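What follows is each chain in one-letter form.
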Amino acid sequence: MSTRRLLADRRARRYLAGQTLSLVGDSSLWLACGIWVKDLTGSDGAAGLTFLFFTAPALLAPLAGLLADRLPRRRLLVVANLAGAAILLPLLAVRGPDQVPLIYAVMFLYGCLNLVIAPAQSALLVCILPGELLADANALLRTARESLRLLAPLVGAGLYALLGGAAVAALDMATFVAAAVLLLTLRVAEPAPARPERGGGMLRHWAGEVTAGFRHLAGHSLLRRVVVATGVLALVLGFSESTMYAVVDRGLHRPPEFLGVLQAAQGLGAVLGGLGSAAAVRRFGEVRVAAAAFLAWAAGAAAAATPLLGLVLAGRVSSGAGLTVMAIALLTLLQRSAPERLQGRVYAGFEVTTTVPQTLSIGLGAYLIGVLDYRALLLTEAAVVVLAALLLFRADRPSSRRAGAPARPDPATSAA
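Residues numbered from 1 in each chain as written. Predicted model: local features only at pLDDT ≥ 70, side-chain atom pairs only at ≥ 80, totals over all residues. Heavy atoms only, no water.

S.K.: What should I look at first to understand the overall build of the chain in this one?
M.R.: Scanning the chain from N- to C-terminus turns up 19 helices and zero strands. In the chain, which comprises 416 residues, the proportion classed as buried is 51%. In the chain, of all internal contacts separated by at least 6 residues, the share reaching a separation of at least 24 is 85%. When the accessible surface of the chain is split by element, carbon and sulfur atoms take 67% of a total near 18,300 Å². (Helix = DSSP H or I, 4+ residues; strand = E, 2+ residues; numbered from the N terminus. Buried < 20%, exposed > 50% of the residue type's maximum accessible area, 1.4 Å probe, protein only. Contact = heavy atoms within 4.5 Å. Areas by Shrake-Rupley, 256 points an atom, 1.4 Å probe, with all protein chains shown as cover.)

If you want it as structure tokens, here you go:
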């Protein structure tokens with residue numbers, strides 16, 4: 001019923017259509033650029049660097065969050081999407097291996113742009129919808145994202161094989177422009193951006209502005225506990241980047257290409273989890289649903305430690321569902337618990353507090369897989385994630401729930 005109500009809102013339909021179009025282009029481009037660099041250089045390492053350049057700007061997220069809180073979000077997203085189309089223009093000129101640095105530069109700028117778009121999208125959604133529909137909107141977008149992760153890379157790779165990398169770049173440029181046009185037709189009553197008074201010097205003022213999202217997370221009883229629990233999860237989440245190769249080779253005795261089957265199973269779980277997440281959030285609340293999603297991921301990690309193909313595949317479905325549901329539940333919690341003036345910075349602050357330990361865990365996992373049995377690593381991951389889930393369940397005590405009540409009026413009431 002809530003999803004039907006969501007799709008009956010013309011503004012919501014246009015917003016969701018624009019963001020889904022953008023996701024189509026993004027999902028197609030990431031894989032195609034890696035293949036492109038591989039073809040130009042013949043190097044796996046050079047191809048892998050495309051993703052590194054995309055993720056390199058991650059520590060600038062607080063600045064992007066401040067930008068999303070200081071400018072009208074719809075206008076910012078229109079400009080960002082048009083800028084995305086312009087950023088991709090140099091890819092149309094790539095012809096040989098000497099121009100690979102140009103691809104890297106484009107991916108770096110693409111990563112910077114994504115930092116701006118993500119918090120602005122989340123904050124604009126809060127302005128468009130009443131609080132009770134946020135979970136449905138987040139679930140639809142996440143389900144679309146996960147569905148596209150299964151389909152769009154194939155489209156991108158196929159388009160690349162047929163017409164080359166420039167064609168994939170042109171497709172992404174078209175989706176950016178289409179998203180900008182849809183946003184231009186969107187009418188949203190956005191509150192005027194807050195203009196805090198300056199005090200204590202310019203440097204101190206801007207430092208306070210940039211870190212406001214972190215301070216809100218630390219000062220909000222429920223969010224602080226959620227950040228701690230999610231940080232514990234992130235400390236081992238990256239282990240899967242290395243352990244899955246060992247699962248395929250040592251556990252299932254299959255060729256490396258079989259990893260695609262496991263990824264497909266995880267993608268299926270992600271889609272299924274996205275479809276049921278909004279109803280679960282409405283019934284049980286964001287924190288309990290996120291904690292249950294942690295347990296689903298832990299179950300998947302434990303199942304991967306067995307040599308049974310059916311159990312490993314079921315575990316991948318469980319992990320995929322868990323990862324998607326936790327993302328939807330936690331994003332909805334952030335949107336409902338942050339004041340309007342801090343929406344962008346709270347989103348960005350949470351991203352940093354989870355992305356940094358996850359990135360470190362990827363490196364740690366890559367080292368540990370060489371000195372430990374992969375099954376020990378998987379069971380350690382499962383145990384730590386169970387601990388994180390228990391921390392979340394503890395955070396959901398009545399006193400914490402009262403402290404975590406939304407710190408802003410309902411958007412529907414504000415718009416009235």
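From this point, the discussion proceeds with the structure in view.
S.K.: Mind showing me how you'd approach the side chain of Thr324 here?
M.R.: Inspection of the secondary structure puts Thr324 in helix H15 (residues 309–337). Since its relative accessible area comes to 1%, Thr324 is described here as buried. In this view, Thr324 contacts Arg142, Glu146, Ala270 and Gly274; residues no more than four positions away in its chain are not counted.

S.K.: Help me out: how do you make sense of the packing of aromatic side chains in this one?
M.R.: The relation between two aromatic rings is expressed through the spacing of the ring centres and the mutual angle of the planes. For the coordinates displayed, the defined rule picks out three aromatic pairs. Measuring from centroid to centroid gives 4.7 Å for Phe53 and Tyr104, while their planes differ by 10°, and the two rings are stacked. Here Phe53, found in helix H3 (residues 44–55), pairs with Tyr104, found in helix H6 (residues 100–128); they are 51 residues apart in sequence, far enough to count as distant. A residue is classified by how much of its surface remains accessible, and Phe53, at 28% relative accessible area, is partly exposed. (Phe/Tyr/Trp six-rings, centres within 6.5 Å; stacked < 30°, edge-to-face > 60°.)

S.K.: For this particular structure, what's the right way to read helix H11 (residues 221–237)?
M.R.: Residues lying three or four places apart along an α-helix face the same way, a consequence of the helix completing one turn every 3.6 residues. In a regular helix each residue adds 1.5 Å, so 17 residues correspond to 24 Å; H11 covers 24 Å between its end C-alpha atoms and thus fits that length. Most of H11 is tucked away: 13 of the 17 residues are buried. (Expected span 1.5 Å × (residues − 1).)

S.K.: I would appreciate a short explanation of unusual backbone geometry in the present structure.
M.R.: Negative phi is the rule for most residues except glycine; trans is the rule for most peptide bonds. The residue His253 is not glycine, and still its phi comes out positive at about 55°. Within the fold, His253 resides in the loop between helix H12 (240–251) and helix H13 (259–284).

S.K.: Can you help me understand the pattern of salt bridges in this one?
M.R.: If charged atoms from side chains of opposite charge come close, those side chains can pair. Counted according to the given criterion, the structure contains nine salt bridges. The salt bridge involving Glu209 is made with Arg345; its shortest N-O contact spans 3.6 Å. Note that Glu209 is positioned in helix H9 (residues 202–210) and Arg345 in helix H16 (residues 343–368), a separation of 136 residues in sequence. Beyond isolated ion pairs, a larger network of salt bridges with shared partners links Asp69, Arg70, Arg73, Glu209, Glu340 and Arg345. (Salt bridge = Lys/Arg side-chain N within 4 Å of Asp/Glu carboxyl O.)

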